[in-house]
Amino acid sequence: MSEERRRRQDERQGSRDGKTKSALIYGVVAILLVGAYLGGRYYKNHKYDSFAQCLAAKQAKMYGLYWCPHCIEQKEMFGASFHYVPYVECAIKGSSELAPECKAAGLKLFPSWQFGAAPPKEGVLPLEELSEKTGCSLP
């Protein structure tokens, strides 16, 4: 009887090892999938980092208003990389006045882009046009 008992115990032990191994494999696969998802999400949100940094190096500057839908559209084109773009907020909260820097530049329509000493260009500019005007390459 003890031999049969040992055999059953070995069978149970073997099935536990298989379940543990299977759970471990599923865990590793899940971790890899989550890592791939997060890596892709990071890339999607930061793929314009070098482009935005190049715009800053080429002295391109965006003027905008926090409440302007077209300014928001322009910012969204850069995703999380927008924080590298030189940006001047022209709206003064609680006032209908423009910020002094925006008045001095003679801005009336937003968003506006200024490239070096050239006069500002008004409107939402596609990233391709920003690339042409500055010589910065898109990813």
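Draft legend 1. Representation of the nonpolar core. Grouped together as the largest cluster of nonpolar side chains are 26 residues, with contacts concentrated most on Leu55, Phe78, Cys90, Phe110, Trp113 and Leu130. Mapped onto this core, the elements with two or more residues apiece are helix H2 (49–57), strand E1 (60–64), helix H3 (69–78), strand E3 (112–115) and helix H5 (127–134).

Draft legend 2. Local environment of the pattern of salt bridges. For the structure shown, the criterion picks out three salt bridges. Note that Glu97 is salt-bridged to Lys103, the shortest N-O span being 2.6 Å. Residue class for Glu97 comes out partly exposed when judged on its relative accessible area of 43%. You can call Lys103 partly exposed: its relative accessible area is 46%. Across the pair Lys121 and Glu129 runs a salt bridge whose closest N-O atoms are separated by 3.8 Å.

Draft legend 3. Fine view of the packing of aromatic side chains. Within the structure shown, the criterion is met by five aromatic pairs. Ring plane angle 40° and centroid distance 6.4 Å describe the contact between Phe78 and Trp113, whose orientation is recorded as tilted. Pair noted here: Phe78 is in helix H3 and Trp113 is in strand E3, with a separation of 35 residues, a long-range link. Measuring from centroid to centroid gives 6.3 Å for Trp113 and Phe115, while their planes differ by 10°, and the two rings are stacked. Its relative accessible area of 0% is what places Trp113 among the buried residues. What makes Phe115 buried here is its relative accessible area of 16%.

Draft legend 4. Here's a closer look at the pairing of E1. The buried count for E1 comes to four of five residues, which makes it a mostly enclosed element. Sheet topology places E1 next to E3; four bridges connect them, and they run antiparallel. Along E3, the bridge assignment pairs Met62 with Trp113. Where E1 and strand E2 (residues 87–89) come together, three bridges link them in parallel fashion. Within the sheet, the bridge partner assigned to Tyr63 lies in E2 and is Val88. At this point the chain moves from E1, through H3, to the parallel E2, and the crossover so formed is right-handed.

Draft legend 5. Unusual backbone geometry, seen in detail. The amide bond that connects Phe110 to the next residue, Pro111, takes the cis arrangement and shows omega of 0°. Residue position: Pro111 is located in the loop between helix H4 (100–104) and E3.

Draft legend 6. Fine view of the sheet that holds E3. Ordered by their spatial adjacency, four strands build an open sheet running E2-E1-E3-E4, and the pairing between neighbours is mixed. In this open sheet, the two strands that pair with only one neighbour each are E2 and strand E4 (121–122). Both E3 and E4 contribute to a ladder of two bridges, which runs antiparallel. What sits directly across from Ser112, in E4, is Glu122. Sheet strands touched by H3: E1, E2 and E3. Its angle to E1, the strand with the most contacts, is close to 140°.

Rules and cut-offs
Residues numbered from 1 in each chain as written. Predicted model: local features only at pLDDT ≥ 70, side-chain atom pairs only at ≥ 80, totals over all residues. Heavy atoms only, no water. Core = buried A, V, L, I, M, F, W, Y, C linked by side-chain atoms within 4.5 Å. Buried < 20%, exposed > 50% of the residue type's maximum accessible area, 1.4 Å probe, protein only. Helix = DSSP H or I, 4+ residues; strand = E, 2+ residues; numbered from the N terminus. Salt bridge = Lys/Arg side-chain N within 4 Å of Asp/Glu carboxyl O. Phe/Tyr/Trp six-rings, centres within 6.5 Å; stacked < 30°, edge-to-face > 60°. Pairing = 2+ DSSP bridges. Right-handed = clockwise from strand over helix to strand, strands pointing away. Contact = heavy atoms within 4.5 Å. Axes fitted to C-alpha atoms, helices over the stretch in contact; angles between N-to-C directions.

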